[in-house]
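# What the coordinates show
Chain by chain, the residues run as shown.
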Amino acid sequence: MRRLVLGLVCALLMAGPAAAVLPEEQLADPVLEARAREISQELRCVVCQNQSIDDSDAPLAADLRAIVRERLTAGDTNEEVMAYVVARYGNFVLLKPPLDMQTILLWSAPLLVLIPGGLGLALYLRRRGRASAAEPTPLTAEEQRTLADILKTGDAP
């Protein structure tokens, strides 16, 4: 049992996110390669949309990784590389797009959903609290007779 648990723990530790960067894509200079990986983690694969280009196996992601590495070897700074890619693909390529007029709806969407939902929940709870605090409606004479009969005989009609 101990070996099984140890094996599971080891498997979980090794099951981190897999990078799709192939060995032939990597730069010889470890400093430039580290910068390329840092930039690649911030760029979205426009095919996969929920992965960075560093994690994606898509051919377009490989092309974007190559562009990043080409720009870095040409002497561009990280910011210049990001600006180059954004100029070609737009803000959509960024995993964390900036707050501007084009992305204001994207950034405000959670508030546009949470605020009305919270107000609706508050109104519902308020009405529910009032209904439970209200006096119960008295039974009619016929209902009182039926209830008395049920209590005497123990049988429901």
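Residues numbered from 1 in each chain as written. Predicted model: local features only at pLDDT ≥ 70, side-chain atom pairs only at ≥ 80, totals over all residues. Heavy atoms only, no water.

Attention shifts here to the confidence of the model for the protein. Across the protein, the average pLDDT comes to 81, with 83% of residues at or above 70. By mean pLDDT, the top-scoring element of the protein is helix 4 (residues 78-89) (92), and the lowest-scoring one is helix 1 (residues 2-14) (67). (pLDDT = per-residue confidence, 0-100. Helix = DSSP H or I, 4+ residues; strand = E, 2+ residues; numbered from the N terminus.)

Tracing the chain through its elements places Leu 72 in helix 3 (residues 59-73). Among the residues examined, Leu 72 registers a relative accessible area of 3% and is labelled buried. Spatially, the C-alpha atom of Leu 72 lies 6.8 Å from that of Leu 32, the residues being 40 residues apart in sequence. Beyond its immediate stretch of four places on either side in the chain, Leu 72 contacts Leu 32, Arg 35, Ala 36, Ile 39, Asn 78 and Val 81. (Buried < 20%, exposed > 50% of the residue type's maximum accessible area, 1.4 Å probe, protein only. Contact = heavy atoms within 4.5 Å.)

Further remarks concern the side chain of Ser 56. Within the element layout of this structure, Ser 56 appears in the loop between helix 2 (30-42) and helix 3. Reaching out from Ser 56, the side chain makes a polar contact with the backbone nitrogen of Ala 58 at a distance of 3.1 Å. (Polar contact = N/O pair within 3.5 Å; in protein donor to acceptor, adjacent residues only side chain to side chain.)

Another aspect to go through is the packing of aromatic side chains. This model, assessed by the stated rule, comprises 0 aromatic pairs. We note Arg 44 situated over the ring of Phe 92; from NZ or CZ to the ring centre the distance is 5.1 Å. Above the plane of the ring of Tyr 84 lies Arg 71, whose end atom (NZ or CZ) is 4.4 Å from the centre. (Phe/Tyr/Trp six-rings, centres within 6.5 Å; stacked < 30°, edge-to-face > 60°. Lys NZ or Arg CZ within 6 Å of the ring centre and 35° of its normal.)

What follows deals with the pattern of salt bridges. Evaluation of the coordinates by the stated rule reveals 3 salt bridges. When the shortest N-O distance is used, the salt bridge between Arg 71 and Asp 76 registers 2.8 Å. Arg 71 gets classed as partly exposed once you look at its relative accessible area, which sits at 26%. A relative accessible area of 13% places Asp 76 in the buried class. (Salt bridge = Lys/Arg side-chain N within 4 Å of Asp/Glu carboxyl O.)

Let us now look at a nonpolar patch on the surface. A contiguous nonpolar surface patch, about 650 Å² in accessible area, is contributed by Leu 99, Ile 104, Leu 105, Leu 106, Trp 107 and Leu 112. Turning to its location among the elements, Leu 105 is positioned in helix 5 (residues 104-133). Take Leu 105: its relative accessible area is 57%, and that puts it in the exposed class. (Patch = residues over 30% accessible without salt bridge, like charges linked within 9 Å, V, L, I, M, F, W, Y side chains within 5 Å. Areas by Shrake-Rupley, 256 points an atom, 1.4 Å probe, with all protein chains shown as cover.)

It is worth spelling out the packing of helix 3 against helix 4 at this point. Contact geometry of helix 3 with helix 4 gives a least axis separation of 9 Å together with a crossing angle of 140°. Here helix 3 lies oblique to helix 4, going by the angle between them. Note that helix 3 runs across helix 4; the crossing there is right-handed. Across the interface between the two elements, Leu 60, Leu 64, Ile 67, Val 68, Arg 71 and Leu 72 of helix 3 pack against Asn 78, Val 81, Tyr 84, Val 85, Arg 88 and Tyr 89 of helix 4. Of the residues belonging to the contact of helix 3 with helix 4, the class tally is 9 nonpolar, 1 polar and 2 charged. (Axes fitted to C-alpha atoms, helices over the stretch in contact; angles between N-to-C directions. Parallel < 35°, antiparallel > 145°, perpendicular 65-115°, else oblique. Left-handed = near helix turned anticlockwise from the far one by under 90°. Nonpolar A, V, L, I, M, F, W, Y, C, P; charged D, E, K, R; others polar.)

Right, let's get into helix 2. Counted at 1.5 Å a residue, the expected span for helix 2 with its 13 residues is 18 Å, and the 19 Å between its end C-alpha atoms agrees. Listed as buried for helix 2 are Leu 32, Glu 33, Ala 36, Ile 39 and Ser 40. Here the buried residues of helix 2 occupy an arc of 125° about the axis, which is enough to place them on one side. Along helix 2, exposed side chains directed more than 90 degrees from the buried face belong to Pro 30 and Val 31. Taken together, the buried residues of helix 2 touch helix 3 and helix 4. (Expected span 1.5 Å × (residues − 1). Arc of directions from axis to C-beta.)

Packed helices, taken two at a time, are described by the angle between their axes plus the distance between the axes. Between helix 2 and helix 4, the least distance of the axes is 11 Å, while the angle of their chain directions is 40°. The pairing of helix 2 with helix 4 is recorded here as oblique in orientation. Seen from above, helix 2 lies across helix 4 with right-handed handedness. For the pair formed by helix 2 and helix 4, the contact residues are Arg 35, Glu 38, Ile 39 and Glu 42 on the first element and Asn 78, Val 81 and Met 82 on the second. Grouping the amino acids of the contact of helix 2 with helix 4 by side-chain chemistry returns 3 nonpolar, 1 polar and 3 charged.

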